Amino acid sequence: MNAILDKLFLNTTKFIAIAVLLIVAWIFSTLIEHSMVSLEAFGFSFVTESKWAPNLEKFGALPAIYGSVVSTFLAMLLAIPIAIGIAIFLSELAPPKLKSLVGVSIELLAAIPSVIYGMWGLFYFVPIIRDIFGGIGISMLTAGIVLSIMILPFMAAVTRDAMNTTPDILKESAYALGGTRWDIIKDIVIPYAKAGIIGSFILALGRAIGETMAVTFVMGNVHKISLDLTAPATSIPVTLANEFTEADTDLYYSSLFELSLILLIISFTIISVAKFYFLRRKRSF
Amino acid sequence: MATIVNIKEEKALVVKDFEFTYASADTPSIKKLDMPVAKNSITALIGPSGCGKTTLLRSFNRMHDLYPGNRYDGKILFKEKNILGPKIDLINLRIQIGMIFQKPTAFPMSIFDNVAYGMKLQGIKNKTELYDRVEKALRDAAIWKEVKDRLKHDANGLSGGQQQRLCIARAIAVEPEVLLFDEPTSALDPISTAGIEELIIELRERVSIVIVTHNMQQAARVSDYTGFMYLGELIELGRTEELFVTPKEKLTEEYITGKFG
Amino acid sequence: MTHTQKRVLLNNIIMTLSTISAIIGIGFLFWILGILVINGVDALSWNIFTQEGAPPGYEDGGLKHALIGQLMIVGVATFFGVPFGILAGTYLSEYGQKSKLAETIRDVSDIMMSAPSIVIGAFVYAIVVVPMGHFSGWAGSIALTIIMLPIILRTTDDMLQLVPSTLREAAFALGAPKYKVITQVVYRGAKAGIFTGILLGIARVAGETAPLLFTSFNDNFLNTDMMEPMASLTVTMYNYATSPYEDWQRLGWAAAFILSMFILTLNILGRIFIMKKREK
């Protein structure tokens, strides 16, 4: 009896664990299957064509890809220095009480749903951008900034964690040679925690590029590549959120699936790089 | 009152009426301590764990300042100046009073850059000068032969004993006047330990040394003077050969004969 | 100026800059939090809990439909996601261990955890909504289950691995079969950690909006039939906030506040459990 139950338990758990792999495979195959119409119609030109006109049955993904890349790049550009600043403040500067108070608030803020960052962006940040830059305030720039604020808590928390892995004794050795705080951070902490810090940044990048709700309020869903950052734009997730329920033809529908597929591949690639290249095994001390 | 032997040599450090209180504690961890440290000799600090020997050592280069809320009282004189005073330049102090830690602490950089680090901090950029001084420091630390062909390699590839020599080379490269050793061999095997001990004895000619050790034999082997600490106080400071053979204090005798600790 | 003075100056400049950037970053985050609390508390009223959605202009609109819909969608996702996640995690820690299969499952679920949630929505749309012909609460729950699964799986795996192997050996030495060792001894040792994982998993999916947009969709009135489109706090927030009507926007803020408080409470509870466990 016990032997049968033992086998049953093993096989049940094993089956469910393998199901996780199957689900991922199923996601990929479903997205590919539903992208077929668009793949056949446009081929590779789907990603190089910049015209997205549902009424003409013309679908080019370039504006959405461009928007995803630029808004994420802007977000990283703004968030990285501030995240490093917060991490230095939390790991090397703040007095212990402030350290845990601010540290915990940052971790909790990372748990706030992204849709709330989007709402805040729409009601409070769009008017500011409008006042400063003119226009309607809904733009690539707004999306980049809101996105940077959304990923900031996550980035700051993981950067701090990575910095905190530097052994105290290593830092003390450098102080004992007459180093300043900044000498220690630049020569010891950052080189020591480099892989962890870069890995976390890339992980944050992976999250930012797939983020929907923080940007969909403030980007405008305009399929036009514009070098003017204050002009409305779109990204892959923004296009999906706005148009998925409106797709009325097979080609339109399939084009949206191809966008999903592209997004999934981009984010899988980024996250895999972070995970396998930078966050593998930590050096032991 | 502690029994303190008269020291013939000049004094590298003089501790006067010194108290130290950790931020998290109500009572001082070191109480009213007086102690001289002789120049160009080796002073060992022994005592059971928690007696304050490492705390005292880390006061000499103000390492405690890295963590907020710790308090010093009294005086520690170094070159006739109180290093606990408010106007003391900590960076300068730490350049003159170097430290070696319980574990080897090779920085995440090449062997060469490890040794050159302290000099680079002082603004020495001249390549040949740097190279000459790195070589000299590595020779003095008796590790030159082992590393001369791989100066550009990551220092973490060295063995524990080699890394500790590297740390000593790094510390002496900036030509400090005092070197503090905090249980420098506690993470090493017996052979590496013997090598480090030999090195410490050789260094005596150029620097004044204070070494904290949990190992009485080590104190007996390397030091000229030995201080025995207990519960935050210095019980006895004597010439090493006298302290271990004819201790003046009963507590010292009990400790070195293994009655407690 | 000596080199050391230069270093000290540079240090002071950079430490000031980093403090300033910390103040800016933290300031922005507290600004958002402050707005959320002010607008949310301001919009709270009894109506919110007792009334369903109303057309714009009617004073007595509420969020009852969205609250109940949210609880049902997340509840069903938890009902499936938690046991499946725990069982799969059990396989990894207790049977698979360092095998190639187990490591692959770990890696893939780590990647899944950061995959864009809107893509999961598109997937569920294709496999559930299209065959059914319409949006439904079930579709939303399935999307959230897929998102929750890797989270529960990885925390279970991690927490079970923390249970000392001597505990398992002691139980085996008494002649217990492996499934009993796991269910009666190992689970007990990892209880607090797994529970925290569950709380954090629920908190994570409760805030998801994108995967619900085209699965459970929305309904402005109370619906408890999982086969039909269903309101959720997050999608309601999205729709109300982007509407031009001020009373709907107010309800949007109320929804944002209630949801955030729920998620923060779960996070804080999770922390407390883990801390209690560590104190022991």
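Counting of residues starts from 1 at the beginning of each chain's written sequence and follows it residue by residue. Following the order in which they are written, the chains are lettered starting with A and the ligands numbered starting with 1. Residues qualify for local features only when their pLDDT is at least 70, as the model is predicted, and side-chain atom pairs are given and counted only at 80 or more; totals for whole chains, interfaces and linings, by contrast, use all residues. Water and hydrogen atoms play no part in the side-chain values, which are based on all heavy atoms of the structure.

1. Some remarks on the overall build of chain B
Under the scheme used here, helices are H or I runs from DSSP no shorter than 4 residues and strands are E runs no shorter than 2 residues, and both carry numbers assigned from the N terminus. Helix and strand content of chain B: ten helices and eleven strands. Computed over the C-alpha atoms, the radius of gyration of chain B is 18 Å, within 12% of the 18 Å expected from 2.2 N^0.38 for a compact globule of 261 residues. Per-residue accessibility, obtained with a 1.4 Å probe over protein chains only, is compared with the maximum for each type, and a residue is labelled buried under 20%, exposed over 50%, and partly exposed between these values. Within the span of chain B, comprising 261 residues, buried residues form 56% of the whole. Sequence separation of 24 or more characterises 67% of the internal contacts of chain B that already satisfy a separation of 6 or more. The method behind every accessible area is Shrake-Rupley, applied with a 1.4 Å probe, and residues are considered shielded solely by the protein chains displayed. When the accessible area of chain B is evaluated, it comes to approximately 11,600 Å², of which 49% is carbon and sulfur surface. Only four residue types enter the tally: Lys and Arg on the positive side, Asp and Glu on the negative side; His and the chain ends are excluded. To locate a charge, take NZ of a lysine, CZ of an arginine, CG of an aspartate or CD of a glutamate. A distance of 4 Å separates the average location of the 35 positive side-chain charges in chain B from that of its 35 negative side-chain charges. A radius of gyration in this sense is built from C-alpha atoms; the matching globule rule multiplies 2.2 Å by the number of residues raised to 0.38. Should any heavy atoms of two residues lie within 4.5 Å, those residues are counted as being in contact.

2. Overview of the side chain of asparagine 218 of chain C
All names here are of chain C. In this structure, asparagine 218 sits in the loop between helix 10 (210-213) and helix 11 (233-241). Asparagine 218 sits in the buried class, given a relative accessible area of 18%. Apart from residues lying up to four places away in sequence, asparagine 218 is in contact with Pro229, Met230, Ala231, Ser232, Val235, Thr236 and Asn239.

3. Some remarks on unusual backbone geometry
All names here are of chain B. Despite not being glycine, lysine 32 shows a phi value in the positive range, around 40 degrees. Its relative accessible area of 52% is what places lysine 32 among the exposed residues. One non-glycine residue with positive phi stands out, namely lysine 79, at about 50 degrees. Tracing the backbone shows lysine 79 in the loop between strand 5 (71-78) and strand 6 (81-82). Taking relative accessible area as the criterion, lysine 79 reaches 47% and is therefore assigned partly exposed.

4. Some remarks on the sheet that holds strand 5 of chain B
All names here are of chain B. A pair of strands is considered paired only if DSSP assigns at least 2 bridges between the two. Strand order in this open sheet of four strands is 3-2-5-6, and the pairing throughout is antiparallel. The sheet is open, and its two borders are formed by strand 3 (30-38) and strand 6, each paired with just one other strand. As paired elements, strand 5 and strand 6 share two bridges and run antiparallel to each other. Looking across to strand 6, one finds that phenylalanine 78 is bridged to lysine 81.

5. Digging into the interface of chain A and chain B
Opposite the 21 residues of chain A that make contact, chain B presents 29 residues. Buried area is calculated as the accessible area (1.4 Å probe) missing from two parts once they are joined, with the contributions of both summed. Taken over both partners, the interface formed by chain A and chain B buries close to 2,000 Å², and the fraction arising from carbon and sulfur atoms is 68%. Per-residue buried area on chain A facing chain B is highest for Glu172, Ala176 and Leu177 of chain A; these three make up 32% of the total on that side. A side-chain nitrogen of Lys or Arg and a carboxyl oxygen of Asp or Glu constitute a salt bridge if their distance falls within 4 Å. Counting across the chain A and chain B interface gives one salt bridge. Linking glutamate 172 of chain A and arginine 58 of chain B is a salt bridge whose minimum nitrogen-to-oxygen distance equals 2.9 Å. Any pair of N or O atoms that falls within 3.5 Å is considered a polar contact. Within protein, one atom must be able to donate a hydrogen and the other to accept it, and sequence-neighbouring residues count only if both atoms are side-chain atoms. Applying the counting criterion to the chain A and chain B interface returns five residue pairs in polar contact (both at pLDDT 80 or more). Counting residues per element, the ones that place at least two in the side of chain A that touches chain B are helix 6 (168-175) and helix 7 (181-210) of chain A. The dominant element in the side of chain A that touches chain B, judged by the number of residues it contributes, is helix 6 of chain A, at seven residues. Each residue is assigned to one class: nonpolar for Ala, Val, Leu, Ile, Met, Phe, Trp, Tyr, Cys and Pro, charged for Asp, Glu, Lys and Arg, and polar for all the others, Gly among them. Among the residues forming the side of chain A that touches chain B, the class breakdown is twelve nonpolar, four polar and five charged.

6. Points about the interface of chain C and chain A
In this complex, chain C contributes 81 residues to the contact, which on the side of chain A involves 81 residues. Both faces considered, chain C and chain A share a buried interface measuring about 7,100 Å² in area, 81% of it formed by carbon and sulfur atoms. The tally of links from chain C across to chain A stands at four salt bridges. Notably, a salt bridge pairs glutamate 107 of chain A with arginine 271 of chain C, separated by 2.5 Å at the nearest N-O pair. There are ten residue pairs in polar contact (both at pLDDT 80 or more) connecting chain C and chain A. Taken together, the residues of the side of chain C that touches chain A break down into 57 nonpolar, 18 polar and six charged.

7. Some points on a nonpolar patch on the surface
To count toward a patch, a residue needs a relative accessible area above 30% and no salt bridge. Like charges then connect within 9 Å, nonpolar side chains (Val, Leu, Ile, Met, Phe, Trp, Tyr) within 5 Å. Together, Met1, Leu9, Ile13, Leu17, Ile20 and Ile24 of chain C make up an exposed nonpolar region whose accessible area comes to about 580 Å². Turning to its location among the elements, leucine 17 of chain C is positioned in helix 1 (residues 3-43).

8. Let's talk about the environment of aspartate 219 of chain C
Residues and elements named next belong to chain C. Mapped onto the secondary structure, aspartate 219 falls in the loop between helix 10 and helix 11. The class for aspartate 219 is partly exposed, based on a relative accessible area of 22%. For the pair aspartate 219 and alanine 241, spaced 22 residues apart in sequence, the C-alpha to C-alpha distance is 15 Å. Here aspartate 219 is in contact with His65, Pro229, Met230 and Ala231, once residues within four sequence places are set aside. There is a polar contact of 2.9 Å between the side chain of aspartate 219 and the backbone nitrogen of phenylalanine 221.

9. Describing the pattern of salt bridges
Residues and elements named next belong to chain B. Enumeration according to the criterion identifies 33 salt bridges over all chains in this entry. Taking the shortest distance from any N to any O, the salt bridge between arginine 62 and aspartate 65 comes out at 2.8 Å. Owing to a relative accessible area of 30%, aspartate 65 belongs among the partly exposed residues under this scheme. Salt-bridge contacts for lysine 120 lead to aspartate 113; the nearest nitrogen and oxygen are separated by 3.1 Å. Note on lysine 120: relative accessible area 37%, which makes it partly exposed.

10. Details of the packing of aromatic side chains
We call Phe, Tyr and Trp rings a pair once their centres come within 6.5 Å, taking the six-membered ring for Trp, and we label the pair stacked below 30 degrees between planes, edge-to-face above 60, and tilted otherwise. Scanning the model with the defined rule gives 40 aromatic pairs over all chains in all. When the ring of phenylalanine 112 of chain B is compared with that of tyrosine 131 of chain B, the centres are 6.2 Å apart and the planes differ by 25 degrees; the resulting orientation is stacked. With a gap of 19 residues between them, phenylalanine 112 of chain B in helix 3 (residues 111-121) and tyrosine 131 of chain B in helix 4 (residues 127-140) connect regions that are remote in the sequence. Three or more aromatic residues joined by ring pairs make a cluster, and in this case those are Phe244, Tyr253 and Phe257 of chain A together with Tyr125, Phe135, Phe214 and Phe217 of chain C. Charge-over-ring contacts are defined here by two conditions on Lys NZ or Arg CZ: a distance within 6 Å of the ring centre and an angle within 35 degrees of the ring normal. Across the ring face of phenylalanine 154 of chain A, the terminal group of arginine 207 of chain A is positioned such that the distance to the ring centre comes to 4.1 Å. Residue placement shows arginine 170 of chain B over the ring face of phenylalanine 107 of chain B; its charged tip is 3.7 Å from the ring centre.

11. With respect to helix 4 (residues 100-113) of chain C
Taking 1.5 Å as the rise per residue, helix 4 of chain C with 14 residues should run 20 Å; its terminal C-alpha atoms sit 20 Å apart, in good agreement. With ten of 14 residues buried, helix 4 of chain C is to be regarded as a mostly interior element. Residues of helix 4 of chain C that are buried include every one of Ala102, Glu103, Ile105, Arg106, Asp107, Val108, Ser109, Asp110, Ile111 and Met112 of chain C, and no others. Buried residues along helix 4 of chain C sit against helix 1 (2-42) and helix 10 (250-278) of chain A together with helix 3 (64-96), helix 5 (117-132) and helix 6 (137-162) of chain C. An expected span of 1.5 Å times one less than the residue number is assigned to each helix.

12. Quick notes on the domain arrangement of chain C
Residues and elements named next belong to chain C. The split into domains, and so the bounds of each, comes from an automatic or database assignment of domains. Domain parsing of chain C yields domain 1 (3-43) and domain 2 (49-279). Between the C-alpha centres of domain 1 and domain 2 there is a distance of 33 Å. Each side of the interface is counted separately: domain 1 has eight residues, and domain 2 has six residues. Buried area between domain 1 and domain 2, summed over both chains or domains, comes out near 670 Å², and the portion from carbon and sulfur atoms is 77%. Counting across the interface, domain 1 meets domain 2 through one salt bridge.

13. What about the packing of helix 3 of chain C against helix 11 of chain C?
Residues and elements named next belong to chain C. Each axis is a line fitted through C-alpha atoms, taken for helices only over the stretch in contact, and angles between the N-to-C directions span 0 to 180 degrees. Helix 11 packs onto helix 3 with a crossing angle of 140 degrees between their chain directions and a minimal axis gap of 8 Å. Taken together, helix 3 and helix 11 sit at an angle that is classed as oblique. Of the residues in helix 11, those in contact with His65, Ala66, Leu67 and Gln70 of helix 3 are Leu233, Thr234, Thr236 and Tyr240. Looking at side-chain class alone, the contact of helix 3 with helix 11 contains four nonpolar, four polar and no charged residues. Every angle not falling under 35 degrees, over 145, or within 65 to 115 is termed oblique; those three ranges are roughly parallel, roughly antiparallel and roughly perpendicular.

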